[in-house]
Amino acid sequence: MELHNNSTTFEISGASSQVQEKLNKPQRTRHKSLQFEEDLIHEEDSRLIYVNDWRRTNDKYEFTGNEIRTSKYTLITFLPKNIFIQFHRVAYLYFLGIAALNQLPPLAVFGRTVSLFPLLFVLSVTAVKDGYEDWRRHRSDEVENNREALVLCVHQFQKKKWKKIQAGEVVKICANETIPCDMVLLGTSDPSGIAYVQTMNLDGESNLKTRYARQETASTVLDVGAISGLIRCEQPNRNIYEFRANMEFNGQRCPLNQSNIVLRGCQLKNTEWVIGVVVYAGQETKAMLNSAASPSKRSKLEIYMNRETLWLSVFLFIMCLVVALGMGLWLERHKNHLDTLPYYRKRYFTTGRSSGKTYKYYGIYMETFFSFLSSIIVFQIMIPISLYITMELVRLGQSYFMIEDNHMYDSISDTRFQCRSLNINEDLGQVRYVFSDKTGTLTENKMEFQRASIYGKNYGSSLIRPDLLEENGSVHATTVKGRGQKLKSQIAIDNELMQLLHKDLAGDERIAAHEFFLTLAACNTVIPIPTPSSSCMESESHETGAIDYQGESPDELALVAAASAYGYTLFERTSGHIVIDVNGEKLRLDLLGLHEFDSVRKRMSVVIRFPNNTVKVLVKGADSSMFSILAEDSGRNSHVRHATQSHLSEYASQGLRTLVVAAMDLTDEELSEWQCKYEDASTSLTDRSVKLRQTAAFIECNLNLLGATGIEDKLQDGVPEAIESLRQAGIKVWVLTGDKQETAISIGLSSKLLTTDMNQIIINGNSEDECRSLLADAKAKYFVKSLDCRNKYAKYKKDAEITLDRTKSSSTPQQHAEKEEEVQSTSHALIIDGNSLVYVLEKDLESELFNLATSCKVVLCCRVAPLQKAGIVDLIKSRTDDMTLAIGDGANDGYILFTAFSTTSALTDLSSVFYSLIYTSIPTIVVGILDKDLNDETLLQYPRLYGAGHRQESYNMHLFWITMIDTLWQSLVIFSVPVFIYSESSIDIWSMGSLWTIAIVILVSVHLAMDIQRWILVTHVAVWGSIIITYGCMIAVDSIPIFPNYGTIYHLAKSPSYWLSIFLILTIALLPRFLFKIIRQSFWPSDIQIAREAEILGDQPDNLHSTSSKASG
């Protein structure tokens, strides 16, 4: 379909070809394009399938069985493979090293069991989660593999499990059953060999597809004893839109194509049964070859955490080096007084057997080295392992609230939001690219006939509702079945056009209208299925009954339904004829041939013979391809042509999908010549599609223009508004669809994804060299730069704006920026088809496509296979750090506790474990789940606020280092204040450790409270309750006599110095952060802060748009 608009279109079309995947060429990755070839199926490269003889077919045991496996693990590989995947987290390697060091006797700072417990706990929790998910996959595989199908065995069909089916076996599938493997059809319940399958599980399309059994086999398939033959087909490949083979049957050799094969995962619909022979089974089926192994998903935050963990490790190494160096210098300085110092002993001072012996002393150098290793153990809290437990629990809580969110509940389908992966929740706020399918995502795939231009006259400007026509008895009831559900056709009728069709006139206008609707009813692949209510057709009544229509294209369904509404009801279709009910009179037309729609011709034609032996070719297609093949203008024809073009422009401006309809009479000589060419082309194994196009061109010429149609595509509610919001949020939307190019463009216009002011760059290439040329021409025409150049330009523009704001005197930077922006326009839309992507997604062309695509606001990829969609996503993911979406908390601060240069810990083992698991974990989890920056109403009203996520305003390296400096300051304050206050005191190390513990807990709680935006009762209980819980645990632990810190809290709490220390720690430690937040929010407020203050004050943030646009730009 051709769309008319005022946008500039840059279209470079090359002849499309049907090409096959190169299996002998190694693939770079599973996420790259399909590799195809046009060569003939050579004898040595082909696969031989002996029909009904699986032993001979697989005599060399080279073919796989039909068993599939989608799970990641087995019982043997689960433990090593899962641990290997988990240790992709750099911090886990760090914790493993810490636990290993703590097992050495000289370095056992904490209890050996205690040091292992946190790591083992985290590994176990994650392993249980991963094991459960994989168990579900195993269970799904087991159910799939143990399904049963009817397989021919000893002249009768017997049930057999799917996993035991072999290539070469003959399988029978009944209605509504799923196809277990890729099969070539041998026969169907329909005498003409037609079958209907639903391919939703394969390509997402819910419209039924038509498949055919060869007439040579369809007539003999019921005699199961006579089923035999040889199929020579291509090797397994991922191309679901192409299949080339030939079959030898009863001494005859006939070609096979994609219309003769049904693929695994499809469902048989509206067909009682089909019989086929297995050509590909199990992992070799096209469905399984297209199901790339799902990678282990890790969020962007987790990747950043690995990076920060490395930096923390460097910082930790430096700290431990300083401590070890200090330890060595201290030992050297006091080497003669080591037995009399308060915190160090070289020899035993106890009485008895050990008196006077060396007390774990290994010499200055070894003691220095051990001090370095011990420091690593003591300072391990810098990277708390509880952080990962906290993240898992926060993600779980967030998923619960997302699933239970009533705003994301669909009452029509009774479905809620589904969270299939807990590892990437936080990535939802950082998405920069959205890759969307069309069917069921943007549209409902429901279309309605709205306008018609017939013989130069415009119809449809004033339509009458069907209920009004029903009162006059002139409405034709039609039930259209689209997308798997019945849709009552309530097509509004143009009364003037209806009257014209019922006039007994023989004028040109009446004849054109008759042939116009005859073309709509006949020139398609729609299959009519009479419903029980239509059984009266054979009775004396001539009233049209209800019809269910099945078809691959919703456009064709809409046109056929419209024809029926105007009295031309498609009633029956076979491979040899069609029957159309014209106002109650049945008209049987012989179907001599059909040229299906393709992206090169952009039209479809059908050759039919009328009862009076008149032969006509009926054609419909895009206006860009139709007007060039019309007969020469003369008199009335010229007026009709110009009027139709004017009407098409009007329809396009209304966002309607347009088609042009034409027809021509064929002479006997033309028919005979065409039939010869058609027979040769349809049976050719080489360049079949090219020959069929040449044959079509022979009859698709000198056509008589009949008119044009305008169809409204039904979008899902809110799609244009949602796309506009995504655009304002700085998110680029790419549509990847298996639909035809014209359909994708129409959807883009109706969904407001494409606008009339966009330059459409259309790439339709036929070879690698041609695609290279097309990309280069497009980049040169629209001055497309590389991403690095655009980033430098954006930085220059920002600097120029800052300079302009400061000087207020010079306009040179602004003029330069405006000139550059005018040259490098961003109002482009790239439209590329799957055939071009076959060649473009190569190593040397990917960068060209990337630069062109990322400079466009919109990208439409048409006729793409599932694996090509993955290649497009990988194109962005492999070249940018931007988050992509394909349509599926804060950490505890670590504080440094040390005593002089000794690595003696002031904390007990229980205190270290309780700090991460009890004292500080609950507030972080609660805040991570419940806290939110803004209300959903504000976020929906100002989509630009979303840009803060992919701009990483809340988490970046700059803030990381600021936080590290702040943490170092707080650590020094926590250590120095009590040491200074108790410098003249005789307080022991355990009392000091108890003071530090409670001071840290209070400090991190207040620190967290400073960042909370939404205070509710649960938040108050979690934050302040953690302090109370800490005191309770400390009292309980200090009341146990066997612990060294027995009774310390009771003595400390009585001293004013204790409370003074806590107050000074809080004040001095948090003062820099408090001042930093005040200054930043006062002079450099973020968009989110402005919107939050507006929420509180109830005002509209007037300056939000300007600041957001600058930031997003």
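The structure under discussion appears in the preceding block.
Residues numbered from 1 in each chain as written. Predicted model: local features only at pLDDT ≥ 70, side-chain atom pairs only at ≥ 80, totals over all residues. Heavy atoms only, no water.

The subject of this paragraph is the overall build of the chain. Secondary structure assignment for the chain yields 37 helices and 33 strands. Only carbon and sulfur atoms are counted for the fraction: they give 56% of the accessible area of the chain, which is about 52,000 Å². (Helix = DSSP H or I, 4+ residues; strand = E, 2+ residues; numbered from the N terminus. Areas by Shrake-Rupley, 256 points an atom, 1.4 Å probe, with all protein chains shown as cover.)

This next bit is on the sheet that holds strand S3 (residues 148–153). One open sheet accounts for six strands, arranged S4-S3-S5-S14-S6-S12; its pairing is antiparallel. Lying at the two open borders of the sheet, with one neighbouring strand each, are strand S4 (156–161) and strand S12 (261–262). Pairing geometry for S3 and strand S5 (residues 170–174), over two bridges, is antiparallel. When the bridges of S5 are listed, Leu-150 appears paired with Lys-172. (Pairing = 2+ DSSP bridges.)

Bringing the nonpolar core into the picture now. Ranked by size, the top nonpolar core spans 75 residues in total, and within it Ile-454, Phe-517, Ile-580 and Leu-703 carry the most contacts. For Ile-454, the residues in contact, after removing those within four places along its chain, are Tyr-459, Leu-497, Ala-512, Ala-513, Phe-516, Phe-517, Leu-706 and Gly-707. Counting 49 residues, the second-largest nonpolar core is a separate cluster that includes Val-151, Ala-167, Leu-186 and Cys-233. (Core = buried A, V, L, I, M, F, W, Y, C linked by side-chain atoms within 4.5 Å. Buried < 20%, exposed > 50% of the residue type's maximum accessible area, 1.4 Å probe, protein only. Contact = heavy atoms within 4.5 Å.)

Turning our attention to the sheet that holds strand S11 (residues 252–256). The four strands lie next to each other as S2-S9-S10-S11, forming an open sheet whose pairing is antiparallel. Among the strands making up the open sheet, the edge pair consists of strand S2 (47–50) and S11. The mean inter-strand angle of the sheet, taken between neighbouring strand axes irrespective of direction, is 20 degrees. With five bridges connecting them, strand S10 (residues 245–249) and S11 associate as antiparallel partners. Note on S11: the bridge partner recorded for Asn-246 is Pro-255. (Axes fitted to C-alpha atoms, helices over the stretch in contact; angles between N-to-C directions.)

To continue, consider the environment of Tyr-955. Looking at where Tyr-955 falls in the secondary structure, it is placed in the loop between helix H30 (947–950) and helix H31 (957–981). Contact partners of Tyr-955, with chain neighbours within four places excluded, come to Leu-301, Tyr-304, Met-305 and Glu-308. Among the polar contacts made by the side chain of Tyr-955, one reaches the side chain of Glu-308 at a distance of 2.4 Å. (Polar contact = N/O pair within 3.5 Å; in protein donor to acceptor, adjacent residues only side chain to side chain.)

Next up on the list: unusual backbone geometry. One non-glycine residue with positive phi stands out, namely Asn-270, at about 55 degrees. Structurally, Asn-270 is set in the loop between strand S13 (267–269) and strand S14 (273–280). A relative accessible area of 38% places Asn-270 in the partly exposed class. One non-glycine residue, Asn-702, lies in positive phi territory at about 50 degrees.

Under the counting rule described, the total for this entry stands at 26 salt bridges. Among the salt bridges present, the one from Glu-144 reaches Arg-147, with a minimum N-O distance of 3.4 Å. Connected through salt bridges with shared partners, the residues Asp-966, Asp-1011, Arg-1073 and Lys-1077 form a single ionic network. (Salt bridge = Lys/Arg side-chain N within 4 Å of Asp/Glu carboxyl O.)

Contact pair helix H28 (residues 921–930) / helix H33 (residues 1017–1038): the axes reach a minimum separation of 8 Å and the direction vectors enclose 160 degrees. Taken together, the axes of H28 and H33 lie roughly antiparallel to each other. The two elements H28 and H33 meet at a crossing, and its hand is left-handed. Across from Ile-922, Pro-923, Val-926, Val-927 and Leu-930 in H28, the residues of H33 making contact are Val-1018, Thr-1019, Ala-1022, Val-1023 and Ser-1026. (Parallel < 35°, antiparallel > 145°, perpendicular 65-115°, else oblique. Left-handed = near helix turned anticlockwise from the far one by under 90°.)

When you line up the elements, Thr-285 lands in the loop between S14 and helix H7 (286–290). Residue Thr-285 is classed as buried on the basis of its relative accessible area, which comes to 0%. Ignoring anything within four residues of it in the chain, the contact list for Thr-285 reads Cys-181, Asp-182, Arg-264 and Tyr-280.

Once that is clear, we can look at the pairing of strand S25 (residues 603–609). Here S25 lies mainly inside the structure; six of its seven residues are buried. Sheet topology places strand S24 (residues 585–595) next to S25; five bridges connect them, and they run antiparallel. Each bridged residue has a counterpart across the sheet, and for Leu-594 the counterpart in S25 is Val-606. Looking at chain direction, S25 and strand S26 (residues 615–621) are connected through seven bridges and run antiparallel. For Arg-609, the partnering residue across the bridge sits in S26 and is Val-615. Hairpin connection, S25 to S26: the antiparallel pair is bridged by five residues, and Asn-613 has positive phi, about 70 degrees.

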